[in-house]
Amino acid sequence: PSSDCVVAEQLCLSDSTCNATYRTLENCALAKTRLLSLDHNSRVRCLNAELDLGNSSLLHCKCHRRMKRQEHCLRIFWTVHSSVTDGYLNLETSPYENPANEEHWKTDYNKLAALVSGKNCSQLAGDATNPCLRATHVCNLSKKCFRLRTDYASICTKGAGSADVCDRRKCHRGLRNFFEKVPEDFTKSILFCPCQDEFCGERRRKTIVPDCSFQYNTKPNCLWLLDSCLEDHICKSRLADFQQNCQPVDMSPDGCSLHNHAACLQAYMGMIGTPMTPNYVSNSSVEVSLWCTCENSGNQKEKCDQILGMFESNKCL
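Residues numbered from 1 in each chain as written. Predicted model: local features only at pLDDT ≥ 70, side-chain atom pairs only at ≥ 80, totals over all residues. Heavy atoms only, no water.

Overview of helix 9 (residues 168-181)
Our working rule: Here a strand is any run of E in DSSP of at least two residues, a helix any run of H or I of at least four, and the numbering for each starts at the N terminus. Working rule for helices: expected span equals 1.5 Å times residues minus one. Only protein chains enter the accessibility calculation, which uses a 1.4 Å probe; a residue is then buried when its area is under 20% of its type maximum, exposed when over 50%, and partly exposed in between.
Over its 14 residues, helix 9 extends 20 Å from the first C-alpha to the last, a length consistent with the 20 Å expected when each residue adds 1.5 Å. For helix 9, every residue scored as buried is listed here: R168, C171, H172, G174, L175, R176, F178, F179 and E180.

Structure below.
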């Protein structure tokens, strides 16, 4: 239980020494959130406080992707690891538990498979040429999958096609709800359905309602997108998880440092519904990208290209 950051925090706060150290780290993290520059002495004090935690369970705690108090848990993690974010893209430490430990979320797909092969066979028979349509119909057989998919679809389409702008924040929250609460067998089938024609590809590309969740009127700079992400505990955590599980390595036969493509796909899905939401770039390919550009990046062009390249040319992904 102490590996859970919420539990670890409670244990720490009940100990006077750990409590004082943790309060120091909270101030350090708050200063970073407000983009206040710390003087040398403050930096040393913050680093020493992190070291003073020693063998405290706080130092090794993790969060679960589907836990109820996820944002609170992630805030604790980044409070303890605030020095990890020093320097650009140094987020290799994921706050999330190993995906292998969360298999229990894959629940009722087998029951649905039996249902699909039975009375609903005629309904799905015509979907053989469009796996994305079939995946949607299978989702509709599950009350939870149908409800949460309908929820985000209705939120993300409000304002589309009119002078009104959709509520992107609510749309993102709805998408995160869907991908966190629905078993992965459904969500992966809908998001990664294999297509042979553009009609299917169009349905796949529009899975996340990109007009609201993905696209702006003009493409922002990728560095702006990164800054927006690092200011948000959930996005920063998902990005760290993505970097850890989708780290490309040129010398590796499969192009993946951890050789775990399932974990990489899960981390990719975690990015959907954050300020750095990715999506398919066209109806006729499986290439994905962020909605941003590296034009006019000045002397930060290389840094910007690196952000975009994490999605556009990532062999592991």
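Once you've had a look at it, read on.
Concerning the packing of aromatic side chains
The line we're drawing: Geometry of aromatic contacts follows a simple scheme: Phe, Tyr and Trp rings, the Trp one being its six-membered ring, pair when their centres are within 6.5 Å, and the pair is stacked under 30 degrees between planes, edge-to-face over 60, tilted otherwise. Criterion for a charge above a ring: Lys NZ or Arg CZ within 6 Å of the ring centre, and within 35 degrees of the ring normal.
Inspection of every chain in the model, using the stated rule, returns seven aromatic pairs. Their ring planes at 65° and their centres at 5.6 Å tell us that F214 and W291 sit as a pair that is edge-to-face. Of this pair, F214 sits in the loop between helix 12 (210-213) and helix 13 (222-230) while W291 is found in the loop between strand 2 (288-290) and helix 16 (301-312), placing the two residues 77 residues apart along the sequence. Using a relative accessible area of 7% as the deciding quantity, one classes F214 as buried. Relative accessible area serves as the criterion here: at 18%, W291 is assigned to the buried category. Taken together, Y152, F178 and F179 form an aromatic cluster joined through their ring pairs. Between R168 and the ring centre of Y216, over which it is positioned, the NZ or CZ distance is 3.9 Å. Between K219 and the ring centre of W291, over which it is positioned, the NZ or CZ distance is 5.0 Å.

Some points on the state of the cysteines
Basically, it comes down to this: Working definition: a disulfide is two cysteine sulfur atoms within 2.5 Å of each other.
If you walk through the whole model with that rule in mind, you get 14 disulfides. Note on cysteine connectivity: C63 is disulfide-linked to C73, with sulfurs 2.1 Å apart. Residues C63 and C73 are joined by a disulfide whose S-S torsion is about -100°; by sign, that bridge is left-handed. In this pair, C63 is assigned in the loop between helix 3 (40-52) and helix 4 (70-80) and C73 in helix 4, connecting sequence segments ten residues apart. A relative accessible area of 0% places C73 in the buried class.

Considerations on the packing of helix 13 against helix 14 (residues 233-245)
Which entries qualify depends on this criterion: Inter-axis angles, ranging from 0 to 180 degrees, are taken between N-to-C directions of lines fitted to C-alpha atoms, where helices are fitted over the stretch in contact. Each angle receives one of four descriptions, namely roughly parallel if under 35 degrees, roughly antiparallel if over 145, roughly perpendicular if within 65 to 115, and oblique otherwise. Only heavy atoms enter the contact rule, under which two residues are in contact if any of them lie within 4.5 Å. Put simply, Ala, Val, Leu, Ile, Met, Phe, Trp, Tyr, Cys and Pro go in the nonpolar bin, Asp, Glu, Lys and Arg in the charged bin, and everything else, Gly too, in the polar bin.
The N-to-C vectors of helix 13 and helix 14 enclose an angle of 110°; their axes lie 6 Å apart at closest approach. Judged by the angle between their axes, helix 13 and helix 14 are roughly perpendicular. Contacts between helix 13 and helix 14 involve L226, C229 and L230 on the former and, on the latter, C235, K236 and L239. Per-class residue counts for the contact of helix 13 with helix 14 are five nonpolar, no polar and one charged.

As for the pattern of salt bridges
Here is the rule we go by: The working definition used for a salt bridge is a side-chain nitrogen of Lys or Arg within 4 Å of a carboxyl oxygen of Asp or Glu.
Applying the stated criterion across every chain, the model contains nine salt bridges. Across the pair R75 and E9 runs a salt bridge, and its minimum N-O distance is 3.7 Å. With R75 in helix 4 and E9 in helix 1 (residues 5-13), this pair connects stretches of sequence that are 66 residues apart. Between E26 and R75 there is a salt bridge, and its shortest N-O distance comes to 3.6 Å. Of the two residues, E26 is situated in helix 2 (residues 16-33) and R75 in helix 4; the sequence distance between them amounts to 49 residues. E26 gets classed as partly exposed once you look at its relative accessible area, which sits at 21%. Because the salt bridges share partners, they merge into one network encompassing E9, R23, E26 and R75.

A word on the environment of S257
With respect to the secondary-structure elements, S257 resides in the loop between helix 14 and helix 15 (261-271). In this structure S257 comes out as partly exposed when scored by relative accessible area, which is 30%. Sequence separation between S257 and C316 is 59 residues; the distance between their C-alpha atoms is 7.8 Å. The contacts of S257, once residues within four sequence positions are left out, are Q244, Q247 and V249.

Description of the nonpolar core
A general tendency of soluble globular proteins is for nonpolar side chains to be buried together. Condition: Nine residue types can take part in a nonpolar core, namely buried Ala, Val, Leu, Ile, Met, Phe, Trp, Tyr and Cys, and a core is a set of them joined through side-chain atoms within 4.5 Å.
Core analysis: the largest hydrophobic core is formed by 49 residues, its most contacted members being F178, F242, M276, L290, I307 and F311. Among residues more than four places away in sequence, those in contact with F311 are F242, Y268, M271, M276, P278, V288, S289, L290 and L317. C61, C63, M67 and C73 belong to the second-largest nonpolar core, a separate cluster that totals 22 residues.

Quick notes on the packing of helix 4 against helix 14
Quick note on the threshold: Handedness of a crossing is defined here by the sense of rotation of the near helix relative to the far one, left-handed for an anticlockwise turn of less than a right angle and right-handed for a clockwise turn.
With their axes 9 Å apart at the nearest point, helix 4 and helix 14 run at an angle of 70° to one another. By the angle class used here, helix 4 and helix 14 are roughly perpendicular. For helix 4 against helix 14, the interelement crossing comes out left-handed. Across the interface between the two elements, Q70, E71, L74, R75 and W78 of helix 4 pack against H233, I234, K236, S237, R238 and A240 of helix 14. Residue classes in the contact of helix 4 with helix 14 are distributed as four nonpolar, three polar and four charged.

A word on helix 16
To keep it simple, the criterion reads: It is the directions from the helix axis to the C-beta atoms that the arc portrays.
With twelve residues, helix 16 ought to run about 16 Å at 1.5 Å a step, and its terminal C-alpha atoms sit 16 Å apart, in line with that. Looking at helix 16, one finds that the buried residues are C304, I307, L308, M310 and F311. On an axial view of helix 16, the arc spanned by its buried residues comes to 145°, and they lie on one face. Residues of helix 16 that are buried in the fold lie against helix 13, helix 14, helix 15, strand 1 (278-280) and strand 2.

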